[in-house]
Structure formats: C-alpha cells, structure tokens
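# An overview of the molecular structure
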Amino acid sequence: MGFAHEYAAAIMQRGRVHMEPVNFVPDWSDRPRKGKFYPGAESFPLPEGDCPPTATVRAGVLPEHAERDDPFTLPLLGGMLLDSYGRVGRRLGVQANTDLPSLPCYTDANFSRGTASGGGLYPVTVHWVSGAAGPLTPGVYHYSTTHHAMQRLLAGDVSAEVREALADPELPGECDQFLVLGVKFWQNSFKYNSFSMHAVSMDVGAVLQTWRIWARARGLRVEPALWFDEERLGRLLGVSIEEEGVFAVVPLRWERTRPAPARPAPARPAAVPGDAVSVRRRDSERSRRVLTFETVQRIQAATAGNATARPAAGALLPAAVAAVPGGERLALPSPRPPEMRVREALRGRRSSFGRFDARRPVDGEDLAAALAACTAASLDSDAGDGAGGARLTRLYVFVNHVRSVAPGAYAYDPDTGELVLVKPGPPGGFLQRNYFLSNYNLEQAGAVVVPAVRTTAVLDAVGDRGYRLVNATIGAVAQTFYTTATALGLGSGVALGFDNLSFVEELGLAATGEAPLLVMLIGHERPGTADFRYEIA
C-alpha cells in the first residue's frame, strides 16, 4: 500500500483532522504568477479559431453524439487553447466570495477563462511538442495564456522522445504532434500547501474535459494518456518533476499539407541525464521565497513512481461502482438538450458565489440533462487507461428546490434516468452545517450534486498513479457540470470545502467504499445583480 492511500485518507478526514502544516497563512504579497514566464523566448501568435453554428454543447457533451476523427489544424488548435485556458475577459460581478474586495485592483485582476480551476489559480502548463508534420518549425513550445501565443523553447524535432516516453503500441506511426500538460506545484501550493495535489490533479481533468467538449463538437478526437515515462518528459521539458509534475500527454492527429515524413527514429537513450535532449530555457519565478511541502513531495513521488506501468484493459473493473441499490424510485423527465454553442458556454461559465435564488425551482429536465452529461464525462475520462468501460463515478443528488421532486438525498441511476431515494426530507440544514466557507448558501441552490469514487479500490487496482486518474475524472465531471449548466441558462458552482466524512455518513457509503469528492451546485440566480464584464478575446 503506497502513500497515495494515506494521502486520500487525509483528504477525506481534513474536515476533522487538519493536514500539516496547521495554521499556514499564504503570503499573498509574494504570490507566484498564474502561468510560467520565459523572458526572451520567441513568440508566435495563435489564431483564435472559429465557432461553427453546429458546435453546440449538446454535440460536445451528451453521450449520443457520434465522434468523428478529423485532423487538427493551427486555427483549430488555437481556438481550442483560447477557449479552454486563454484569458478571454475580466469580471467584477458582486458576489459572496472572499476575494471580492481585491478584484477591482489591477494587480489582483481576475481574468476569466473557459476552464474552471480550484481557487482560480490556473496552475496547468501546456507545452506543444511539434514534429515535422506541424505548421511551425519543429520543436518544443510553451502556450502563453497571457498572449495567446506559442513561445519556442527548443528548436528541432524531438517528437520521438515523446513517442518513446508514451511507449503506446496503438499510437499511429505518423503521429508527431503532442500536447503535454504539466503542473508547477508552487503555483498552487503557495495557497493550498499540502492540499494542493488534490486540487491540481482535478484542474488537469478539467482542462482535458474542456478539450474533449470543444473537440468533439467539431469532429475531433482528444484521447489523453496518463501513464508514461514522466521522468523522461520532465527532462525533455527542462523541469524537475519534484517541482513540476507531468500529468498528461495528448497526441494530436494533424492535417497533412505536405508529404508525410519518415517515421522518426526512436530517440537515443541517454547514457547520463545531461546527455539527453532538453529545453535549456528556464522560466522566471516572481516569488522571492519558494516553499516546499513534504506531503506534496511525497504524493508526487508516489504518483510518479511506476508511471510507465499502463493498466491492462479491464484493470479498473474491480473499482467500478456497483449497481444503484434498491429504494423508492422517481423517474426524471427526458433531459432538455442544451443548444448553446460551445464557445459561448465556455465564455459564459462562472461560479455563482452566493447568487442562487430558491424562489425559482429548477426544472426536472434541466437537472436530468446535467446528470446525464456528467455521467458521460465520467466514462470519457477513464476510457483510455484501463477502465474497459468501468463506471468509476456515482452521482448523488441533494434536492432542495426541483420542480416535481420532493426534497431529499438521492442516488442517480444513469441506466434508467431515475433518482433513487436515500434519505427523505429537506437537506439544506445538513448541507450548510458541513460546508466550511461563507461564499455559498447551499440551501438556496436547486440541487447539490456530489460525485463519489471508490478511491481506495482504484489505487488497489492500478497503484498510486491511479490517484491522478481519480481526480482527473472528478475534474472532468466538474467542468462538464459547469458547461452544461451554463448552456441551460442556470447558475452553478463547485466547491471542495466540505466535511467529506459527514457525506459518507449521511449517504451510508462506508460499506461501498465510495468517497464523495466535490459538491456541485445548480440553480437559478437572483435577477438584476450588479455585474461588470469586459471581453478581451
């Protein structure tokens, strides 16, 4: 049993047993940048891409959509990056989050993005390793979210390094375009210390799911790999994986505008690490003092170990959630399909932060649409790494104000579209008692959806790296929830600040080993609240 089991248990207990370092206070005056900065690197502006009328959230999220496999182009790549992680606007809406007093200050400006991020910190770094088939000089590029541009960090075709690190026999021989997602831990740990690995691994899943939603609506395919030689890729990117983990690699099928080059020769294994091809540029850190946290170092070491041991097909089947238990059943209406365009939904996505209005109940077909989309997202996120169709996530629903649904706690049965009663009665008191923060009144939301995973069973099945898979799955569910709610014209919010064990007790999950990992709120917002939006892209 590896350290990931200990870390997962500490996360579940943190509402009752504080994680070290207790009483840690972030130094906001010395905070890091929300992104890496490479001074002097040559930049290439990216196109903004298009948003065809057919690229709706319905096509991108709901499970009945038939996925094609069209090739990427530079405009498509630029559009996907801009709509997912690029800075697209600034918002100063009056709301209940604790950072509201600082938002009008330029130095603390909070720029909106299409993908959600824990604490709004956006610690995920996107690199593009482009081979000979790409539109730019082959090399390694960093996506600058501030400028919506690619910064060249290394010139030369090193795509074979990525291929060798993936060691995936099913990877097409001509593929030489890869997006590589990393996390510089200090960008999150400066605020969340030991809790940061839990948050950033969800952030990675949220980015990947945004790409899936965006790409699928345009007939593109995004299939990330979570198992690969992390040490080798870290060396290629010029980073120490103790400080900046490499979390996912996404191969891209690229449009051919010239004859396909010969398949790159396998990269020469280095005799010593200094012999290997590597990015030499280093990003400039703004913080004067960078702290490390033992727990973060240990969980990173645990999840980076045995990173090449990709799970066999079906390895996660023992970790799947069981069939929904018996109980009183309530059929939800057919899901109302969201018709909003993907770009519009991503740019409209925001956290409702205290703006929910209980006077307007949520329609049953809207709740059904959100639940169906989140179920599909759960299956998407684990399909590429050994799940074999295993359903890793169960959705529980605390109903406050949903039309024609009595208040209570329910389990969602995705096979029938029904809610199965777990505990009757208004859940608002329980929800608010077990929420740590002051930015939401959970009782005012129409419903609170709680995704749960059998985390321990996943770790037993595939080892410590499975912790990243668990949280990437939850991050994917959260991003789908946000995007679908926005497309339905509803407010939404996602939070981690709750007593996980209380939800285990309330829902009777001890016997199943299911771990509730998020609370996701959906409902109508109060009309006429003060809001300021400035679009920059």
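Residues numbered from 1 in each chain as written. Predicted model: local features only at pLDDT ≥ 70, side-chain atom pairs only at ≥ 80, totals over all residues. Heavy atoms only, no water.

Time to look at the pairing of strand S6 (residues 149-155). By the criterion of burial, S6 is predominantly enclosed, with six of the seven residues buried. Both strand S1 (residues 43-45) and S6 contribute to a ladder of three bridges, which runs antiparallel. Bridging from a neighbouring strand, Ser43 pairs with Gln151 of S6. The turn joining strand S5 (residues 139-144) and S6, which pair antiparallel and follow one another in sequence, is formed by four residues; a positive phi near 45° is taken by His148. (Buried < 20%, exposed > 50% of the residue type's maximum accessible area, 1.4 Å probe, protein only. Helix = DSSP H or I, 4+ residues; strand = E, 2+ residues; numbered from the N terminus. Pairing = 2+ DSSP bridges.)

Our next topic: the confidence of the model for the chain. Here the chain shows a mean pLDDT of 91. Residues at 70 or above account for 92%. Contacts of residues 265-274 to residues separated by more than four positions or lying in other chains number twelve contacts, the stretch itself having pLDDT below 50. (pLDDT = per-residue confidence, 0-100. Contact = heavy atoms within 4.5 Å.)

Formed by 138 residues in total, the largest nonpolar core has its most connected members in Leu179, Trp211, Leu371, Val397, Phe398, Val448 and Met520. With eleven residues, helix H6 (residues 196-216) is the largest single contributor of residues to this core. If we skip the residues at most four places from it in the chain, Met520 touches Cys374, Ala447, Val448, Val449, Pro451, Val477, Ala478, Phe481, Gly493 and Val494. Grouped together as the second largest cluster of nonpolar side chains are 23 residues, Val129, Leu153, Leu154 and Leu233 included. (Core = buried A, V, L, I, M, F, W, Y, C linked by side-chain atoms within 4.5 Å.)

It is worth spelling out the sheet that holds strand S7 (residues 177-184) at this point. With respect to topology, six strands assemble into an open sheet ordered S1-S6-S5-S4-S7-S8, the strand pairing being antiparallel. Single-partner strands in this sheet number two, and they are S1 and strand S8 (244-251). Between one strand and the next, the sheet's axes are offset by a mean angle of 30°, whatever the strand orientation. Across six bridges, the pairing between S5 and S6 is antiparallel. Residue pairing across strands places His142 opposite Gln151, the latter belonging to S6. Along the sheet, helix H7 (residues 230-237) makes contact with strand S4 (124-130), S5, S7 and S8, crossing S8 at roughly 95°. (Axes fitted to C-alpha atoms, helices over the stretch in contact; angles between N-to-C directions.)

Turning our attention to H6. Spanning 21 residues, H6 covers 30 Å between terminal C-alpha atoms, matching the ideal 30 Å at 1.5 Å per step. With 21 of 21 residues buried, H6 is to be regarded as a mostly interior element. (Expected span 1.5 Å × (residues − 1).)

A full pass over the atoms with the stated rule returns 26 salt bridges. Close ionic contact of Asp83 with Arg343 constitutes a salt bridge, the shortest N to O distance being 2.8 Å. One end of the pair, Asp83, is in helix H3 (residues 74-84); the other, Arg343, is in helix H9 (residues 342-348), and 260 residues separate them in sequence. With a relative accessible area of 1%, Asp83 lands in the buried category. In this structure Arg343 comes out as buried when scored by relative accessible area, which is 14%. With a closest N to O distance of 2.6 Å, Glu418 and Arg329 form a salt bridge. On the criterion of sequence distance, the pair formed by Glu418 in strand S12 (residues 418-424) and Arg329 in strand S9 (residues 329-331) is long-range, its members being 89 residues apart. Overall, the relative accessible area of 18% leaves Glu418 in the buried class. With a relative accessible area of 36%, Arg329 lands in the partly exposed category. (Salt bridge = Lys/Arg side-chain N within 4 Å of Asp/Glu carboxyl O.)

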